[in-house]
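Spelled out from the first residue to the last, the chains are:
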Amino acid sequence: SNHNSWMDIPFIGYAMGWINYKFVAKKELEKVPILGFSLSVAKHMMIDRADRKSQLLTLRQGMKYMDDGVNLVTFPEGTRSRSGRVMPFKNGAFKMAHKAGKPVVPVSICNAAKVMPSHWMMPFRPGRNICKVLVHEPIESSDKTEEELGNSVRQSIISGLPEEQRPLFHNEIKWPSDESA
């Protein structure tokens, strides 16, 4: 899913319902009151992005979770977008899905920053009739390279976003129309 507000987390939780899932979150979030404790108690995956060993352990743990039927939720941008526009994706989530041979379900979260901008501590208005979570069709990983998988997921997520959340520059993603040029 794209990520530009703290509200993305409860919106994903609401959309997922009671499906068995775990977030893959950066280790720094352990320091956030309430959220850090909740992530730890629920045994969500915490990754230290500066530590290669932590990255490898997260990769292995994520693949095991997926083999056990647990869905993983990631924000492949790696952090919240301050501008509200989709940023470049990191490849960790796609590497994990590709190695495990599991599909990726792209999710577009629309207008979450209109409810709680990145610089606000609390939501300042209800999300009803403003925000939308769009769950796209799964994208198989077994017939693609990691890069192709990442590009397909990115294109799918962007296709569900309003114009003001899409990347500014056309060349930030590989568009299907670019392939013919």
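Scroll up to find the structure this text is about.
Because the structure is a prediction, the values reported are computed rather than measured.

Draft legend 1. Summary view of the pattern of salt bridges. Considering all chains together, one arrives at six salt bridges under this definition. Notably, a salt bridge pairs Glu28 with Arg49, separated by 3.7 Å at the nearest N-O pair. Remark: Arg49 occurs in the loop between β2 (45-47) and α3 (52-67) and Glu28 occurs in the loop between β1 (21-26) and α2 (35-41); sequence separation between them is 21 residues. Here Glu164 and Lys114 are joined by a salt bridge, their closest N and O atoms 3.4 Å apart. One end of the pair, Glu164, is in the segment after α5 (146-159); the other, Lys114, is in the loop between β4 (107-110) and β5 (132-135), and 50 residues separate them in sequence.

Draft legend 2. Main features of the sheet that holds β1. If you trace the three strands from one edge of the open sheet to the other, you get β2-β1-β3, paired in parallel fashion. Of all strands in the sheet, those bounded by a partner on one side alone are β2 and β3 (71-73). Across this sheet, the average inter-strand angle for adjacent strands is 25°, counted without regard to direction. Taken together, the three bridges between β1 and β3 define a ladder with parallel strand orientation. Residue Tyr21 lies in a different strand from β3, and its bridge partner there is Asn71. With respect to the sheet, α3 is in contact with β1, β2 and β3, its orientation differing from that of β2 by roughly 160°.

Quick notes on the rules
- Residues numbered from 1 in each chain as written.
- Predicted model: local features only at pLDDT ≥ 70, side-chain atom pairs only at ≥ 80, totals over all residues.
- Heavy atoms only, no water.
- Salt bridge = Lys/Arg side-chain N within 4 Å of Asp/Glu carboxyl O.
- Helix = DSSP H or I, 4+ residues; strand = E, 2+ residues; numbered from the N terminus.
- Pairing = 2+ DSSP bridges.
- Axes fitted to C-alpha atoms, helices over the stretch in contact; angles between N-to-C directions.
- Contact = heavy atoms within 4.5 Å.

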